[in-house]
Amino acid sequence: MIVTIDGVAASGKSSVSSGVAQALGVPYVSSGLLYRAATLLGLEASLDLHAAPGLLALLGAHPVRLEPLAGGNRVWQGERELTDDLHSSRVDRGVSVVAALPEVREWVDAQLRALPEPFVAEGRDMGTNVFPHASHKFYLTASARIRAERRARERPEDVPAIEAALQRRDELDTVQSAPAPDALVIDTGPLDLQGVIDTILTRLH
Ligand SMILES: Nc1ncnc2c1ncn2[C@@H]1O[C@H](COP(=O)(O)OP(=O)(O)O)[C@@H](O)[C@H]1O
Ligand SMILES: Nc1ccn([C@@H]2O[C@H](COP(=O)(O)OP(=O)(O)O)[C@@H](O)[C@H]2O)c(=O)n1
């Protein structure tokens, strides 16, 4: 069984997926972390993030591994854990460039499709491109302002700056961010986190 939870930046995908996965007793898979890892490693190596060959050579030479757990994902490159370095504004600014490269998307998709079921998979295109046959699909939305206010609680930046950055990334991610026709779209604005989790669990039982 695969449950997909897609949505735009800071719509609640990771938090909701973690809650749903823990209720189901299965791991959740955070596809965005692989794009973030490729971006971080490219930045650290001073590579051109628009050029796939260099990134793929780097990722091939030092493979990145996603460790999905019910409570969260950990990302490794060999013995080095990358997880805590992946959610920075610096990575945010570059990740959409990396995610626009077809070769990088193929690299991510191959890793995701190799994971053993069951799991909850969250990202942008889990229900459309990566797991079109998933048994249950959801798509989270919320206004940019609400998403910025939520993200502001995690980062020492002001809401208008975060809102502008989210809107910029939403635009850059448009190609891969359309909801699947058979996904249930949930406006998370009026709901608290548990309310979104319960909305999804109600439909899974
Ligand atoms: N419905 C909600 N109500 C209030 N806060 C929420 C809700 N959904 C998510 N959050 C909070 O908003 C922030 C962004 O959520 P996150 O799961 O990181 O989003 P995404 O994975 O889509 O970027 C987190 O601090 C999370 O706890
Ligand atoms: N399935 C996915 C997941 C992420 N991404 C890209 O990776 C970036 C980071 O994804 P994320 O889910 O970690 O970002 P947040 O929504 O958590 O801020 C997105 O802005 C997209 O550019 C993607 O293209 N496809």
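Conventions and cut-offs
- Residues numbered from 1 in each chain as written.
- Chains lettered and ligands numbered in written order.
- Predicted model: local features only at pLDDT ≥ 70, side-chain atom pairs only at ≥ 80, totals over all residues.
- Heavy atoms only, no water.
- UniProt positions renumbered as here; feature names shortened; annotations may be inferred.
- Pairing = 2+ DSSP bridges.
- Helix = DSSP H or I, 4+ residues; strand = E, 2+ residues; numbered from the N terminus.
- Expected span 1.5 Å × (residues − 1).
- Buried < 20%, exposed > 50% of the residue type's maximum accessible area, 1.4 Å probe, protein only.
- Axes fitted to C-alpha atoms, helices over the stretch in contact; angles between N-to-C directions.
- Parallel < 35°, antiparallel > 145°, perpendicular 65-115°, else oblique.
- Left-handed = near helix turned anticlockwise from the far one by under 90°.
- Contact = heavy atoms within 4.5 Å.
- Nonpolar A, V, L, I, M, F, W, Y, C, P; charged D, E, K, R; others polar.
- Near = heavy atom within 4 Å.
- Polar contact = N/O pair within 3.5 Å; in protein donor to acceptor, adjacent residues only side chain to side chain.
- Areas by Shrake-Rupley, 256 points an atom, 1.4 Å probe, with all protein chains shown as cover.
- 1 Å grid on protein atoms, 1.4 Å probe; cavity = no way out; pocket = protein on both sides within 12 Å on 5 of 7 lines; lining within 4 Å.
- Sits in = over half its atoms within 2 Å of the grid points.

As recorded by an unreviewed UniProt entry, the protein chain carries the name (d)CMP kinase and is attributed to Deinococcus knuensis. In UniProt, the protein chain has this text filed under Sequence similarities (unreviewed entry): "Belongs to the cytidylate kinase family. Type 1 subfamily."

Give me the sheet that holds strand β3 (residues 64–69): which residues, what numbers.
Within the open sheet, the three strands sit side by side as β3-β4-β5. Their pairing is antiparallel. Since the sheet does not close on itself, it has two edges, and those belong to β3 and β5 (80–81), each with one partner. With two bridges connecting them, strand β4 (residues 72–77) and β5 associate as antiparallel partners. The partner of W76 across the bridge, within β5, is E81.

Before we move on, could you go through helix α2 (residues 31–44) and cite the residues and values that matter?
If you check α2, its first and last C-alpha atoms are 21 Å apart, about what 14 residues at 1.5 Å a residue would give, namely 20 Å. Burial within α2 is extensive, with eleven of its 14 residues counted as buried. Residues of α2 that are buried include every one of S31, L33, L34, Y35, R36, A37, A38, T39, L40, L41 and G42, and no others. Residue S46 follows α2 closely and has a positive phi angle near 55°.

Report on the packing of helix α1 (residues 13–24) against helix α9 (residues 193–204), specifying residues and quantitative values.
Between α1 and α9, whose axes approach to 9 Å, the crossing angle comes to 50°. Regarding the angle of α1 to α9, the classification is oblique. Regarding α1 and α9, the two cross each other, and that crossing is right-handed. Counting all contacts with α1, which are made through S15, V16, G19, V20, A23 and L24, the residues of α9 involved are L193, V196, I197, I200, L201 and L204. When grouped by side-chain class, the residues that make up the contact of α1 with α9 number ten nonpolar, two polar and no charged.

Please give an account of the site of ligand 1 that cites residues and values.
In the vicinity of ligand 1 there are 16 residues, among which G12, K13, S14, S15 and L191 approach most closely. A distance of 3.4 Å separates a nitrogen atom of ligand 1 from a polar atom in the side chain of R150. Protein contact buries 84% of the 560 Å² of open area that ligand 1 shows by itself. Counting atoms within 2 Å of the grid points, the majority share of ligand 1 lands in the largest pocket. Put simply, the parts of the chain that give the shell around ligand 1 at least two residues each are α1, α7 (144–152) and α9. With three residues, α1 is the single largest residue contributor to the shell around ligand 1. Across the shell around ligand 1, the residue classes tally to five nonpolar, five polar and six charged.

Quick rundown of the site of ligand 2? Include the residues and the values.
Around ligand 2, a shell composed of 19 residues is seen, among which K13, R36, R105, R169 and D173 lie nearest. Within the contact set of ligand 2, an oxygen atom lies 3.0 Å away from a side-chain nitrogen or oxygen of R124. In this structure, R151 approaches ligand 2 through a side-chain N or O atom, which is 2.9 Å from an oxygen atom. Protein contact buries 98% of the 520 Å² of open area that ligand 2 shows by itself. Put simply, ligand 2 lies in the largest pocket. Of all the secondary structure elements, the ones that give two or more residues to the shell around ligand 2 are α2 and α4 (89–99). Sorting elements by how many residues they give to the shell around ligand 2 places α2 first, with four residues. Residue classes in the shell around ligand 2 are distributed as six nonpolar, five polar and eight charged.

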